[in-house]
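For reference, the chains in residue letters:
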Amino acid sequence: MFQYLSLLDAEEEKEFFTQIYDTYKDEMFYTAYLILRNKLDAEDIVQDTFLTLISYLDHLKENTPQKNWNFIVTIVKNKSFNYYKKRK
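Fair warning: this is a prediction, and the values are worked out from it, not measured in the lab.

Draft legend 1. Spatial organisation of the packing of helix H2 (residues 11–36) against helix H3 (residues 39–54). Where H2 contacts H3, the two axes come as close as 8 Å, and the packing angle between them is 140 degrees. The angle between the axes of H2 and H3 places the two elements in the oblique class. In terms of crossing hand, the pair formed by H2 and H3 is right-handed. The segment H2 lies against H3, with Phe17, Ile20, Tyr21, Lys25, Met28, Phe29, Ala32, Tyr33 and Leu36 engaging Lys39, Asp41, Ala42, Glu43, Ile45, Val46, Thr49, Phe50, Leu53 and Ile54. Looking at side-chain class alone, the contact of H2 with H3 contains 14 nonpolar, one polar and four charged residues.

See the structure below:
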């Protein structure tokens, strides 16, 4: 997680990102794992998704937790399906 925080400047952004990370990391992994059936690949997808989410922090701050989860799970699923297609 420290690698992600080093990409952020404001303390408020770091706190918000930490909250997002702690809240959703396990569910993100589970979602990716259900699609990929591989622990290491699922971990890679989760890391890639967090890197993507850094660009969308302002968007996430404006939304409710349910909208945030919908947004995050959409990214995780799309990245997982794309990875699965490339792997085949």
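Draft legend 2. Seen up close, the nonpolar core. Core analysis: the biggest nonpolar cluster contains 22 residues, and Ile20, Met28, Phe50, Leu53 and Ile72 have the highest contact counts within it. Residue assignment for this core shows that the elements contributing at least two residues are H2, H3, helix H4 (57–62) and helix H5 (65–87). Residue contributions to this core peak at eight residues, all from H2. Setting aside chain neighbours within four positions, we find Ile72 in contact with Ile20, Tyr24, Met28 and Leu53.

Reading guide: rules and limits
Residues numbered from 1 in each chain as written. Predicted model: local features only at pLDDT ≥ 70, side-chain atom pairs only at ≥ 80, totals over all residues. Heavy atoms only, no water. Axes fitted to C-alpha atoms, helices over the stretch in contact; angles between N-to-C directions. Helix = DSSP H or I, 4+ residues; strand = E, 2+ residues; numbered from the N terminus. Parallel < 35°, antiparallel > 145°, perpendicular 65-115°, else oblique. Left-handed = near helix turned anticlockwise from the far one by under 90°. Contact = heavy atoms within 4.5 Å. Nonpolar A, V, L, I, M, F, W, Y, C, P; charged D, E, K, R; others polar. Core = buried A, V, L, I, M, F, W, Y, C linked by side-chain atoms within 4.5 Å. Buried < 20%, exposed > 50% of the residue type's maximum accessible area, 1.4 Å probe, protein only.

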